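Residues per chain, in single letters:
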Amino acid sequence: MDEFLIASNLALWAGLILLAVLVYALARQVGTLFERIAPAGALMVNEVLKPGDPAPEITAEALNGAALALGGEPESGVWPRATLIFFLAPDCPVCKTLLPVLRSVAKSESWVDIVLASDGGSAAEHQAYVAEQGIGEFPYVLSESLGRSYGVGKLPYAVLIDERGRIASLGLVNSREHLESLFEAKERQAPSIQHYMQHYEAEVPAGGTHT
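Presented here is a report on the structure given in the accompanying data block. Throughout this description, residue numbers start from 1 for each chain and increase along the sequence as written. For a predicted model such as this one, the threshold for reporting local features is a pLDDT of at least 70, and the threshold for listing and counting side-chain atom pairs is 80 or more; totals across whole chains, interfaces and linings nevertheless cover every residue. Side-chain numbers here rest on the full set of heavy atoms in the structure, without hydrogens or water.

## Comments concerning the nonpolar core
Most often, soluble globular proteins have nonpolar side chains that are buried together. Nonpolar core, defined: a set of buried Ala, Val, Leu, Ile, Met, Phe, Trp, Tyr and Cys residues in which side-chain atoms within 4.5 Å join the residues together. Note on exposure labels: buried denotes an accessible area under 20% of the residue type's maximum, exposed denotes more than 50%, and partly exposed covers the range between, all computed with a 1.4 Å probe on protein chains only. The biggest cluster of nonpolar side chains holds 27 residues, and the ones touching the most others in it are Leu84, Phe86, Leu88, Leu102, Leu116, Ile135 and Leu179. Secondary structure counts use DSSP, requiring at least four H or I residues in a row for a helix and at least two E residues in a row for a strand, with both numbered from the N terminus. Those elements that place two or more of their residues in this core are β3 (82-87), α2 (93-108), β4 (112-118), α3 (123-133), β6 (157-161) and α5 (176-187). At six residues, the largest contribution of residues to this core is made by α2. In terms of nonpolar packing, the next biggest core, distinct from the first, is built from 19 residues, Ile58, Ala117, Tyr150 and Leu172 among them.

In structure tokens form, the structure reads like this:
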């Protein structure tokens, strides 16, 4: 009986050690796979502007009547903060899902101002949308010329203007990951996060490390 218990305990310990080894090997494989998969960034579908271009200088009137200057090179050489223009529409369901992300960004990223922009419909319709979604803390511009100047074709679309008044990154944003990729691209001084990852992979051989 004692020999049976000893044998069973040894078998259990052997199984536990084997399981630990398998979990460790699996974790390494998952980590390797994660490193090789490039993050999905905002889709740059724009025939008017590209990263590095001067942001078109436009003065638009916000829904609250305030004049809002967007783009253009600052006289002092640098603006106090960058600007994220988020193009949306009241009938865009994906736009609505990203509004909480914008609130989160506004709280965590003090270096960027967020401006909402749309076109079409009446001012009253958009004011009702602002009240319904509780986004009154953001300047909201209703301007067809703004979207046309920035080459916006589909929604939701976002353009990040850096402190020098130039396009840092832009693209179609359908998720939080897409939106955050604009900030990542600016931080890494790349046209897009996809461009950065392709450049990174070209420099780093498979299984190698970046120096």
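After that view of the structure, there is still more to cover.
## A look at the pairing of β6
Along any regular strand the residues' side chains alternate between the sheet's two faces. With respect to burial, β6 is a largely interior element, five of its five residues being buried. Along β6, one buried face is formed by Tyr157, Val159 and Ile161 and the opposite face, lined by Ala158 and Leu160, is buried too. Here, strands pair whenever DSSP counts at least two bridges between them. Sheet analysis places β3 next to β6, joined by five bridges and oriented antiparallel. If you follow Phe86 over to β6, its bridge partner there is Ala158. Across five bridges, the pairing between β6 and strand β7 (residues 167-172) is antiparallel. Bridging from a neighbouring strand, Leu160 pairs with Ser169 of β7. Linking β6 to β7, which pair antiparallel, is a turn of five residues; within it Gly165 sits at a positive phi near 80 degrees.

## Digging into the packing of α2 against α3
All axes here are fitted lines through C-alpha atoms, helices being fitted over the stretch that makes contact, and every angle between N-to-C directions spans 0 to 180 degrees. Between α2 and α3, the least distance of the axes is 12 Å, while the angle of their chain directions is 65 degrees. For the pair α2 and α3, the crossing hand works out as right-handed. Across the interface between the two elements, Lys96, Leu99 and Arg103 of α2 pack against Tyr129, Glu132 and Gln133 of α3. Following the grouping adopted for this structure description, the nonpolar residues are Ala, Val, Leu, Ile, Met, Phe, Trp, Tyr, Cys and Pro, the charged ones are Asp, Glu, Lys and Arg, and the polar ones are all others, Gly among them. In the contact of α2 with α3, the residues fall into two nonpolar, one polar and three charged. Two helices that cross are described as forming a left-handed crossing if the nearer one is turned anticlockwise from the farther one by less than a right angle, and a right-handed crossing if clockwise. Only heavy atoms enter the contact rule, under which two residues are in contact if any of them lie within 4.5 Å.

## Considering the pattern of salt bridges
Salt-bridge detection follows one rule: a side-chain nitrogen of Lys or Arg within 4 Å of a carboxyl oxygen of Asp or Glu. For the structure on display, the rule yields nine salt bridges. In this structure, Lys50 engages Asp53 in a salt bridge whose closest nitrogen and oxygen atoms are separated by 3.2 Å.

## Focus on the side chain of Gln133
Mapped onto the secondary structure, Gln133 falls in helix α3. Separated by 3.4 Å, the side chains of Gln133 and Glu132 make a polar contact. Discounting chain neighbours no more than four positions away, the residues touching Gln133 are Lys96, Leu99 and Arg103. Contacts described as polar in this section are N or O atom pairs within 3.5 Å, which, within protein, must combine one atom able to donate a hydrogen with one able to accept it, while residues neighboring in sequence count only if both atoms come from side chains.

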